[in-house]
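Listed below, chain by chain, are the residues.
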Amino acid sequence: MADHDVDLFVVGAGSGGVRAARIAAGYGARVMIAEEYRVGGTCVIRGCVPKKLLVYASRFSHDFEDAAGFGWTLHAPRFDWATLIANKDKEIARLEAAYTATLQKCAVDIVKSRAVLEDAHTVHLVATGQRIRAAHILVATGAAPHPGPAIPGIEHVISSNEAFHLGELPRHVLVQGGSYIAVEFAGIFAGLGSKVTLVYRGDNILRGFDDDVRAHLREEMEKRGIHVITHNRVNAVEPMGKHLSARLSGGNAVTADKVMFALGRPPNVYGLGLEAAGVRLADTGGIAVDEFSRTSVPHIYAVGDVTNRINLTPVAIREGQAFADTVFGGKPTQVDHTNVPTAVFSEPEVGVIGLSEAQARDRFAKVDVYLTRFRPMKATLSGRDTTIMFKLVVDGITDRVLGCHIVAPDAGEMIQLIGVAVKMGATKADLDATMAVHPTAAEELVTMRTVARSHARQAAE
Ligand SMILES: Cc1cc2nc3c(=O)[nH]c(=O)nc-3n(C[C@H](O)[C@H](O)[C@H](O)COP(=O)(O)OP(=O)(O)OC[C@H]3O[C@@H](n4cnc5c(N)ncnc54)[C@H](O)[C@@H]3O)c2cc1C
């Protein structure tokens, strides 16, 4: 590799790129990584981490209200947005420094610059004008918020990127979108005291999730005062004094202080020089890769959101690790993309692993559904009007659990644990054989005995 400056050039220091760079360097590779914004990438800087911090902040309002039924008297609590944002920014800066230090400790050369491929082995560093010859290239450039259609007034619309840095808490927010990011931000703003309107063009939020989850979460969000408007889109945004007026396709207008769009996150493939390098895209818009994350050019790989497979941090990290193990560790490794547990940090949370009822019915001849909705114990004294939901989707022939869907406080924590059992191929009988932990909400997972619905496919004539 003497005619190369580095063994590996990584484009993008996010979840996937950082892991790949660190592990490859550990195997002895000379590694350079380029980052055009901040080391740590979306998850650390303007995704999972700051979002979860805001989610924590937003939940105190319910806790304060719920405390009264348990005998507590609180003087009217006050919330200060500026303190929250300053503390959040401090924590993000600490994490960015920690990621940078880890890379430096592994002798990874960090370049603060946009990187563009010039050909299959040459990377151009835009900030310095340098050209680096690399034996291998890893594209880990992630995804970016969809700016939305070019409607009149689109310049007044923010994305999740800006939502993390607002100067003040808006009194009224309109969020357009039905994705997990849209419902999470709706919950954050509502919990912090904003009036929230969620506008979605489809028939219900969280497209792709189980229908019972979608209906249940919507109902819970509405109970918490979020106004959900479906079958509508924002057609125009006009300034109206100090406010904005959003015109909806249904004919109504909504007045808000901020309008945020969360309309998906297309892969970051533009202006990267992929054509010059001969790297092909898939129909999904992401970089086409094989099961080892190898692109159409054998020494160029791609991991994470830019491949548009499953766009989650733990998946990007696994793919980065598998790439480094395969190419520099002599251990060919594929990432298993089945049964990936995931959470939506809405209010209440959603935790999901495996198939929805509809997906299971498409693929399996007999499907049994176990479903329970009930008032959580805490609500008996707090008086809060809320119910939680647990659902199991089971193969009616083999008894294997195909899917688990939870809408409840801490659903993210629960799905991580039940996810192990589902991934290992647990049957409904295995869950039934497990003793309940009482009194918990999660005990429902091992105590549901009655089939709520059973679907059997008719044999073909
Ligand atoms: C608001 C929000 C909340 C989220 N919440 C969750 C969650 O709760 N759980 C979860 O698992 N996932 C969550 N995600 C998704 C998660 O952040 C991504 O799946 C993950 O960050 C993908 O990692 P990556 O390495 O593919 O890309 P990224 O982390 O996006 O990193 C890509 C990096 O490449 C840089 N870059 C791009 N182009 C270039 C270039 N040409 N040159 C140099 N640098 C470049 C970017 O600046 C970026 O830092 C969330 C995302 C958002 C936006």
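Relevant structure appears above.
This one's a predicted model, so the numbers in the text were calculated from it and none came from an experiment. (Residues numbered from 1 in each chain as written. Predicted model: local features only at pLDDT ≥ 70, side-chain atom pairs only at ≥ 80, totals over all residues. Heavy atoms only, no water.)

Novice: What exactly am I supposed to notice about the state of the cysteines here?
Specialist: In protein chemistry, a disulfide is the covalent bond that joins the sulfur atoms of two cysteines. Summed over all chains, the structure comprises 1 disulfide. Cys-106 forms no disulfide, and the closest cysteine sulfur to it belongs to Cys-43, at a distance of 19 Å. (Disulfide = S-S within 2.5 Å.)

Novice: Can you help me understand a nonpolar patch on the surface in this one?
Specialist: On the surface, Phe-60, Phe-64, Phe-70, Trp-72, Leu-74 and Leu-381 cluster together to form a nonpolar patch covering roughly 650 Å² of accessible area. Assignment of secondary structure puts Phe-70 in the loop between helix H3 (48–67) and helix H4 (81–105). (Patch = residues over 30% accessible without salt bridge, like charges linked within 9 Å, V, L, I, M, F, W, Y side chains within 5 Å. Areas by Shrake-Rupley, 256 points an atom, 1.4 Å probe, with all protein chains shown as cover. Salt bridge = Lys/Arg side-chain N within 4 Å of Asp/Glu carboxyl O. Helix = DSSP H or I, 4+ residues; strand = E, 2+ residues; numbered from the N terminus.)

Novice: Before we go on, may I ask you to explain the sheet that holds strand E16 (residues 342–344) in this structure?
Specialist: Adjacent strands of a sheet pair through backbone hydrogen bonds, lying either parallel or antiparallel. Across the sheet, which stays open at both edges, the 6 strands sit in the order E16-E17-E20-E19-E18-E21 with antiparallel pairing between neighbours. Across the chains shown, the open sheet's two edge strands, defined by having one partner strand only, are E16 and strand E21 (453–456). Ignoring which end each strand starts from, the neighbouring axes of this sheet average 15° apart. One ladder, built from 4 bridges, connects strand E18 (residues 366–374) with E21; its direction is antiparallel. In the sheet register, Val-367 faces E21, and the bridge partner there is His-455. Running at roughly 15° to strand E17 (residues 350–354), helix H12 (residues 411–423) makes contact with E16, E17, strand E19 (388–395) and strand E20 (401–407) of the sheet. (Pairing = 2+ DSSP bridges. Axes fitted to C-alpha atoms, helices over the stretch in contact; angles between N-to-C directions. Contact = heavy atoms within 4.5 Å.)

Novice: Sorry, what's going on with the pairing of strand E13 (residues 253–256) here?
Specialist: When a strand is regular, its side chains alternate between the sheet's two faces. Taking every second residue as pointing to the same face, the buried face of E13 carries Val-254 and Ala-256, while none of Ala-253 and Thr-255 on the other face is buried. Pairing between strand E12 (residues 243–248) and E13: 4 bridges, direction antiparallel. In the strand pairing of E13, Arg-247 is matched with Ala-253. Counting the residues between successive antiparallel strands, the hairpin from E12 to E13 contains 4 residues, one of them, Gly-251, with a positive phi of roughly 110°. (Buried < 20%, exposed > 50% of the residue type's maximum accessible area, 1.4 Å probe, protein only.)

Novice: Honestly, the nonpolar core in this entry has me stumped. Any pointers?
Specialist: The tendency in soluble globular proteins is for nonpolar side chains to be buried as a group. Counting 39 residues, the largest nonpolar core has Phe-189 and Leu-198 as the members making the most contacts within it. Among the elements of the structure, H3, H4, strand E8 (172–176), helix H6 (180–192), strand E9 (195–199), helix H7 (211–223), E16 and E17 are those that each provide at least two residues to this core. For this core, the element with the highest residue contribution is H6, accounting for 8 residues. Residues Val-6, Ala-34, Val-269 and Leu-274 belong to the second largest nonpolar core, which totals 25 residues. (Core = buried A, V, L, I, M, F, W, Y, C linked by side-chain atoms within 4.5 Å.)

Novice: I tried to follow the side chain of Ser-15 on my own but got confused; where do I start?
Specialist: Positionally, Ser-15 belongs in helix H1 (residues 15–26). Take Ser-15: its relative accessible area is 17%, and that puts it in the buried class. When near neighbours in sequence (up to four residues on either side) are disregarded, Ser-15 contacts Gly-40, Cys-43, Thr-313, Ala-316 and Ile-317.

Novice: Sorry, what's going on with the pattern of salt bridges here?
Specialist: Pairs may arise between side chains of opposite charge once their charged atoms sit close together. The tally for this structure, following the rule as stated, stands at 31 salt bridges. One salt bridge in this structure joins Arg-224 and Glu-220, with 2.7 Å as the shortest N-O distance. Glu-220 gets classed as buried once you look at its relative accessible area, which sits at 0%. Through salt bridges with shared partners, one network takes in Arg-59, Glu-220, Lys-223, Arg-224, Glu-347, Glu-349 and Asp-385.

Novice: How do you make sense of helix H9 (residues 313–327) when you look at a structure like this?
Specialist: Because each turn of an α-helix spans 3.6 residues, side chains separated by three or four positions end up pointing in the same direction. When the terminal C-alpha atoms of H9 are compared, their 21 Å separation across 15 residues agrees well with the 21 Å that a helix rising 1.5 Å per residue should span. Among the residues of H9, Thr-313, Val-315, Ala-316, Glu-319, Gly-320, Ala-322, Phe-323, Ala-324, Asp-325 and Thr-326 are the ones counted as buried. Residues of H9 that are buried in the fold lie against strand E1 (6–11), H1, helix H2 (41–46), H3, strand E6 (131–139) and strand E15 (300–302). (Expected span 1.5 Å × (residues − 1).)

Novice: Would you take a moment to explain the site of the ligand for this structure?
Specialist: Every one of the 37 residues lining the ligand counts as a neighbour, but Gly-16, Glu-35, Thr-42, Lys-51 and Asp-305 are closest to it. Within the backbone of Cys-43, one N or O atom sits 3.4 Å away from an oxygen atom of the ligand. Separating an oxygen atom of the ligand from a backbone N or O atom of Asn-311 is a distance of 3.4 Å. When isolated, the ligand has an accessible area of 1,000 Å², and the protein chains bury 95% of it. At the level of secondary structure, the elements contributing two or more residues to the shell around the ligand comprise H1, strand E2 (31–35), H2, H3, H6 and H9. By residue number, the principal contributor to the shell around the ligand is H2, which donates 4 residues. For the shell around the ligand, the residue count by class is 14 nonpolar, 15 polar and 8 charged. (Near = heavy atom within 4 Å. Polar contact = N/O pair within 3.5 Å; in protein donor to acceptor, adjacent residues only side chain to side chain. Nonpolar A, V, L, I, M, F, W, Y, C, P; charged D, E, K, R; others polar.)

Novice: Would you mind showing me how to read the layout of surface pockets here?
Specialist: The method is simple in principle: a probe with the dimensions of a water molecule rolls over the atoms, and the space it marks as empty is what remains. For the second largest pocket, the calculated volume is near 710 Å³. Lining the second largest pocket are 29 residues, and of these Asp-66, Pro-376, Lys-378, Pro-409 and Asp-410 lie nearest its centre. Secondary structure elements with two or more residues in the lining of the second largest pocket: H3 and helix H11 (377–382). The greatest single-element share of the lining of the second largest pocket, amounting to 6 residues, is contributed by H3. The residue makeup of the lining of the second largest pocket, split by class, is 13 nonpolar, 5 polar and 11 charged. (1 Å grid on protein atoms, 1.4 Å probe; cavity = no way out; pocket = protein on both sides within 12 Å on 5 of 7 lines; lining within 4 Å. Points joined across faces, edges and corners; volume = space filled by probe spheres on them.)

Keep in mind that these numbers describe shape and distance, not what the molecule does.
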